[in-house]
Amino acid sequence: MEKSLKPATLCVQAGWKPKNGDPRVLPIIQSTTFKYDNTEEMADLFDLKKEGYFYTRLQNPTNDAVASKIAALEGGVGAVLTSSGQAANFYALFNICEAGDHFVTSNEIYGGTYNLFGVTLKKLGIECTFVSPEASEDEINAAFRPNTKALFGETISNPGCKVLDIEKFARIAHQHGVPLIVDNTFPTPINCRPFEWGADIVTHSTTKYMDGHATQVGGCVVDSGNFDWEAHADKFLGLTTPDESYHGIVYTQRFGKMAYCTKLVSQLMRDLGSIPAPQNSFLLNLGLETLHLRVPRHCQNAQRVAEFLQADPRVAWVHYSGLPGDEAYELAQKYLPNGSCGVIAFGLKGDRQTAVKFMDSLRLVAIVTHVADARTCVLHPASHTHRQMSDEQLREAGVAPDLIRLSVGIEDCDDILADIRQALDKI
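Thresholds applied
- Residues numbered from 1 in each chain as written.
- Predicted model: local features only at pLDDT ≥ 70, side-chain atom pairs only at ≥ 80, totals over all residues.
- Heavy atoms only, no water.
- Phe/Tyr/Trp six-rings, centres within 6.5 Å; stacked < 30°, edge-to-face > 60°.
- Buried < 20%, exposed > 50% of the residue type's maximum accessible area, 1.4 Å probe, protein only.
- Axes fitted to C-alpha atoms, helices over the stretch in contact; angles between N-to-C directions.
- Helix = DSSP H or I, 4+ residues; strand = E, 2+ residues; numbered from the N terminus.
- Parallel < 35°, antiparallel > 145°, perpendicular 65-115°, else oblique.
- Left-handed = near helix turned anticlockwise from the far one by under 90°.
- Contact = heavy atoms within 4.5 Å.
- Nonpolar A, V, L, I, M, F, W, Y, C, P; charged D, E, K, R; others polar.
- Disulfide = S-S within 2.5 Å.
- Pairing = 2+ DSSP bridges.
- Expected span 1.5 Å × (residues − 1).
- Polar contact = N/O pair within 3.5 Å; in protein donor to acceptor, adjacent residues only side chain to side chain.
- Core = buried A, V, L, I, M, F, W, Y, C linked by side-chain atoms within 4.5 Å.
- 1 Å grid on protein atoms, 1.4 Å probe; cavity = no way out; pocket = protein on both sides within 12 Å on 5 of 7 lines; lining within 4 Å.
- Points joined across faces, edges and corners; volume = space filled by probe spheres on them.

> Can you walk me through the packing of aromatic side chains in this structure?
Each aromatic ring pair is summarised here by two numbers: the centre-to-centre distance and the angle between the ring planes. Here the structure, examined in full by the defined rule, presents 15 aromatic pairs. Ring geometry for Trp 229 against Phe 236: centres 5.0 Å apart, planes inclined by 85°, an arrangement best described as edge-to-face. Residues Trp 229 and Phe 236 agree in their burial class; the two are buried. Clustering of aromatic rings is evident, with ring pairs tying together Phe 227, Trp 229, Phe 236 and Tyr 260.

Structure representation (structure tokens):
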């Protein structure tokens with residue numbers, strides 16, 4: 001039934017299906033353990049012969065209901081919640097990569113993800129090659145190696161606000177027999193469903209728009225079920241050969257389209273345990289129930305603010321894909337026809353101190369290390385989220401030293417504009 005339901009209905013109704021006498025609202029199952037009457041019943045769960053709950057590090061009813069809702073919104077076969085968006089990106093790749101492997105990624109990605117891929121995963125023996133998403137297919141193809149296991153990109157890049165050509169990236173990935181993994185945090189499935197354009201796996205920082213209120217940190221990995229792991233069995237041995245750490249199970253043979261998610265839970269969650277608390281999942285679910293209402297308001301407000309900034313002579317440049325003439329405008333018309341998100345990247349005429357003076361003069365808009373919630377906020381990535389990166393790395397990641405990331409909230413837009421105007425008057 002869920003496949004026939006509209007996104008707005010899925011936001012409210014998907015995931016939790018109460019039976020007669022059950023609570024109408026998804027309950028918080030804040031328990032580490034679950035009771036069984038005999039040894040055999042629990043043994044069947046450990047052997048993956050039956051579905052059920054025995055320890056929250058692996059599965060929890062509250063967490064699973066919210067994961068199911070996100071899978072329905074994205075059009076996937078299954079999803080797994082994680083304790084953060086960073087954990088989601090790590091798990092999505094580590095589920096199919098191991099020491100000695102390689103993957104290719106867009107360089108237009110969040111600074112924390114850039115560091116995870118270029119530094120931390122390298123310490124685990126997994127290398128990556130960064131490519132410009134605007135590069136030709138030949139150039140991106142040249143980055144692939146015999147041991148390449150995935151291609152990665154962000155639907156809308158953080159903080160540069162570039163739009164990924166998902167079909168191009170999917171075509172390249174599939175030519176090399178690997179999945180395309182897309183971080184869909186900024187547009188959310190309300191404005192873009194990457195599976196419909198050929199992506200195979202989607203990740204989210206649910207901390208952002210999905211929560212929408214900055215109350216919980218979380219992430220999610222969603223599998224489309226479309227990638228044929230068996231067709232490339234020699235590349236993905238962790239899925240297509242016996243897992244000796246789990247009774248010799250071959251995930252693709254036992255679980256079919258759920259192989260990727262099942263391996264992620266039974267192997268990675270078992271050993272690494274980056275789970276969300278059920279309380280956090282409950283809060284996330286409350287945010288999801290209004291996602292379809294909030295996202296259009298974010299986009300409406302951001303469009304007005306972007307147009308205001310573009311027209312102000314004190315502003316040097318603006319990147320927002322809703323602006324005609326923006327370098328991402330045409331791709332946004334294709335992939336994001338209903339709007340992109342509430343995040344704008346822009347720079348002021350002057351130097352870095354000009355940006356600092358502007359941000360310090362804001363009253364309604366807060367300087368916070370966050371983005372994409374109900375309240376308008378601002379950040380200078382070169383000074384904050386990306387400060388661990390050198391100027392060369394900043395340029396490679398598409399982050400200009402003067403870039404200001406403005407996350408437009410759902411307040412009255414006239415008040416947002418008035419605050420920006422008075423701050424500009426002070427520079």
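So much for the structure itself; the text now carries on.
> In this structure, what is going on with the packing of helix 13 (residues 291–311) against helix 17 (residues 413–424)? I would like to understand it.
Remark: helix 13 packs on helix 17, axes separated minimally by 10 Å, with the N-to-C direction vectors making an angle of 30°. By the criterion of interaxial angle, the relationship of helix 13 to helix 17 is roughly parallel. Our pair here, helix 13 against helix 17, has a crossing hand that is right-handed. Residues Asn 301, Arg 304, Val 305, Phe 308 and Leu 309 of helix 13 touch helix 17, and the partners they reach there are Cys 413, Asp 414, Ile 416, Leu 417, Ile 420, Arg 421 and Leu 424. In the contact of helix 13 with helix 17, the residues fall into eight nonpolar, one polar and three charged.

> Any chance you could explain the state of the cysteines here in plain terms?
Defined simply, a disulfide is a covalent bond joining two cysteines at their sulfur atoms. Counted under the stated rule, the structure contains zero disulfides. The structure places no disulfide on Cys 261, whose sulfur is separated from the nearest cysteine sulfur, that of Cys 220, by 8.4 Å. Cys 341 takes part in no disulfide bond, and the closest cysteine sulfur to it belongs to Cys 161, at a distance of 5.7 Å.

> Please clarify how the sheet that holds strand 5 (residues 180–183) should be interpreted in this entry.
Hydrogen bonds between backbone atoms are what pair the strands of a sheet, whose relative direction is either parallel or antiparallel. Overall, mixed pairing links the seven strands, which are arranged 1-7-6-5-4-2-3 in an open sheet. Strands with a single pairing partner mark the edges of an open sheet, and in this sheet they are strand 1 (78–82) and strand 3 (127–131). For this sheet, the mean inter-axis angle between neighbouring strands, taken without regard to orientation, is 20°. Sheet topology note: the strand 4 (residues 148–154)/strand 5 ladder contains four bridges and is parallel. Across the sheet, Phe 152 pairs through a bridge with Ile 181, a residue of strand 5.

> I would appreciate a short explanation of helix 17 in the present structure.
At 3.6 residues per turn, the α-helix brings residues three or four places apart onto the same side. Its 12 residues give helix 17 an end-to-end C-alpha distance of 16 Å, which sits within 8% of 16 Å, the value for a rise of 1.5 Å per residue. Among the residues making up helix 17, those that are buried are Cys 413, Ile 416, Leu 417, Asp 419, Ile 420, Gln 422, Ala 423 and Leu 424. Near the N-terminus of helix 17, the side chain that reaches the backbone nitrogen of Asp 414, with its oxygen 2.9 Å away, is that of Asp 412.

> I tried to follow the nonpolar core on my own but got confused; where do I start?
Formed by 123 residues in total, the largest nonpolar core has its most connected members in Val 305, Leu 309, Ile 344, Phe 346 and Phe 358. Here this core gets eight residues from one element, more than from any other, and that element is helix 13. Those residues in contact with Val 305 that sit more than four places away from it in its chain are Ile 344, Leu 406, Val 408, Cys 413, Ile 416, Leu 417 and Ile 420.

> For this particular structure, what's the right way to read the sheet that holds strand 9 (residues 343–348)?
Sheet architecture is open: five strands sit in the order 8-9-12-11-10, paired in mixed fashion. Two strands close off the open sheet at either side, each with one partner strand: strand 8 (315–319) and strand 10 (366–367). By the bridge criterion, two bridges tie strand 10 to strand 11 (residues 377–379) in an arrangement that is parallel. Bridge pairing links Ile 367 to Val 378 in strand 11. Running over the sheet, helix 15 (residues 352–361) touches strand 9, strand 10, strand 11 and strand 12 (404–407) and is turned about 125° from strand 9.

> Looking at this structure, how should I read the environment of Ala 316?
Assignment of secondary structure puts Ala 316 in strand 8. Those residues within four positions of Ala 316 in sequence are excluded, and the remaining contacts are Gly 347, Leu 348 and Lys 349.

> Teacher, can you tell me more about the layout of surface pockets here?
The gaps left among the atoms become clear once a water-sized probe is rolled over them. Of the pockets and cavities examined, the largest pocket occupies roughly 1200 Å³. Around the largest pocket sit 48 residues that line it, and Gln 59, Val 77, Gly 78, Ala 79 and Met 258 are the ones nearest its centre. Secondary-structure elements contributing two or more residues to the lining of the largest pocket are helix 1 (7–13), helix 3 (61–74), strand 1 and helix 11 (259–272). Of the residues assigned to the lining of the largest pocket, the class counts are 24 nonpolar, 15 polar and nine charged.

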